[in-house]
Every structure is written in structure tokens, then in C-alpha cells.
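The chain contents come next:
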Amino acid sequence: MKTINWPSMFLPGTTDNFVSNEKIVTGVTVEQLWEKLVDSSQWESYYDNADHIELLDHAGSRLAFGDRFNFHTFGFPINAQVMELVAPTDGVARISWHGWQKDAADANNDLDVYDAFLIEALAGKRVRVLTQESQIGQPAADMAKQTPNPMLNGHQDWLDGLVRAATR
């Protein structure tokens, strides 16, 4: 199985919060899932926790490597940039973005995240969809103390919605 490529400052186990969600499904292809994931205009149709999505570097809604974008999630306005984008080749696709919130009035509200998705074809016409996020900042530390961790549930909703949308 493939893994996520982590920048050293976001290495899981060294940050304030880390979550990992995975789904293994049949009846859908890597390409179908990829198309729903890289088209940011689709997110709100299958994931209730993302809105106000705006790409800053070009017209359209399809994410590309290096793109900067803004969106709201978990109550935070996030600025983000696509750091890795590997379209489906040989049954594997990846996308990762660095996201951040800087609060000039209160640094305790600052949040710095790295969110990654991996979509991988498996034997038996199965597909693995993995998302992991590593977070730095007081809001991340606060979420890590909650049971269940809201990021864990939120990202599972994203995966469940992505799979539903891709199989429609």
C-alpha cells in the first residue's frame, strides 16, 4: 500500500493533532473519485463541512499543483495551497494542501495544517481512499482533547460523501 508524503514539520506524532481516515470500496474507480476530489465546486455537494471555496490563481474550479485557494471548514477560514497533485497513474492518485489561519488579534487562534488524500486501486476491483491531516496550533490541540475528535468524524464524512458522489 502507498503512503502520504509528509513535510517534516507536519510529521504525524509530532504535531498538536493528527487524524487518519480510510475507506475501502468497490463499484468505483480511482479516476471517478479523483474527478470529484480535484473539482472544488463539487465539495459542497457531498461534504457539509466545506464552503466559501474560492480558487485564487485561475478561473474554474479544478485544483492544480501550486494553486492557492480559500475555504471555510470546521468554523475556520482557511488559506491553502496545493503542495502535491499527482493525477491517476498506475492506479494511484494524490493531492495534498497546506492550509493556515493567522489571527492578527490573537495568535492562540492560529492554525497550520497539512491535509493529504491518497486514492489507490487494490486487487479485486477495490479502491482505497485515505485522508490524513496533521495540525499545529492551539485550536488543533483543543480538538485533539475532544472525544471523539471532531476532525476524525469530519474527515470520515468527507470520505463517505466523496464515495457516494463518485458512484452516482
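Attention here is on the structure that accompanies the text. Here the residue numbers are simple positions, counted from 1 along each chain's written sequence. With the structure being a predicted model, the display of local features is reserved for residues of pLDDT at least 70 and the display and counting of side-chain atom pairs for 80 or more, all residues being used for whole-chain, interface and lining totals. The side-chain quantities take in all heavy atoms of the structure and omit both hydrogens and water.

Now for the overall build of the protein. Each helix is a run of DSSP H or I of at least 4 residues and each strand a run of E of at least 2, with the numbering of both proceeding from the N terminus. A tally of helices and strands in the protein yields four helices and seven strands. When the helices and strands of the protein are read in sequence order from the N terminus, they spell out β-α-α-β-β-β-β-β-β-α-α. Seen along its three principal axes, the alpha-carbon backbone of the protein occupies a region of about 50 × 35 × 30 Å. For each residue, the accessible area found with a 1.4 Å probe, counting protein chains only, is set against the maximum for its type, and the residue is called buried under 20%, exposed over 50%, and partly exposed in between. Out of the 168 residues belonging to the protein, those deemed buried represent 46%.

A word on helix α1 (residues 30-38). When we look at burial in α1, the residues that qualify are Val 30, Leu 33, Trp 34, Leu 37 and Val 38. Projected onto a plane normal to the axis of α1, the buried residues spread over an arc of 115° and lie on a single side. Two residues qualify as a contact provided that any one of their heavy atoms is within 4.5 Å of a heavy atom in the partner residue. Packed against the buried residues of α1 are α2 (43-46), β4 (76-89), β5 (92-101), β6 (111-122), β7 (126-136) and α4 (150-166). Directions are taken from the helix axis to each C-beta atom, and the arc is the one they span.

The term salt bridge refers to a pairing of a side-chain nitrogen on Lys or Arg with a carboxyl oxygen on Asp or Glu at a separation within 4 Å. Tallied over the entire structure, the rule returns six salt bridges. Two residues, Arg 128 and Glu 120, come together in a salt bridge whose shortest N-O distance is 3.0 Å. Connected through salt bridges with shared partners, the residues Glu 22, Glu 120 and Arg 128 form a single ionic network.

Here we come to the nonpolar core. We call a set of buried residues a nonpolar core when its members are Ala, Val, Leu, Ile, Met, Phe, Trp, Tyr or Cys and they connect through side-chain atoms within 4.5 Å of each other. Counting 39 residues, the largest nonpolar core has Trp 43 and Trp 97 as its most contacted members. The element contributing the most residues to this core is α4, with seven residues. Excluding residues that lie within four positions of it along the chain, Trp 43 makes contacts with Lys 36, Leu 37, Ala 50, Ile 53, Leu 63, Phe 69, Phe 71, Trp 97 and Trp 158. Within the second largest apolar cluster, eight residues are counted, among which are Phe 10, Tyr 114, Leu 118 and Leu 130.

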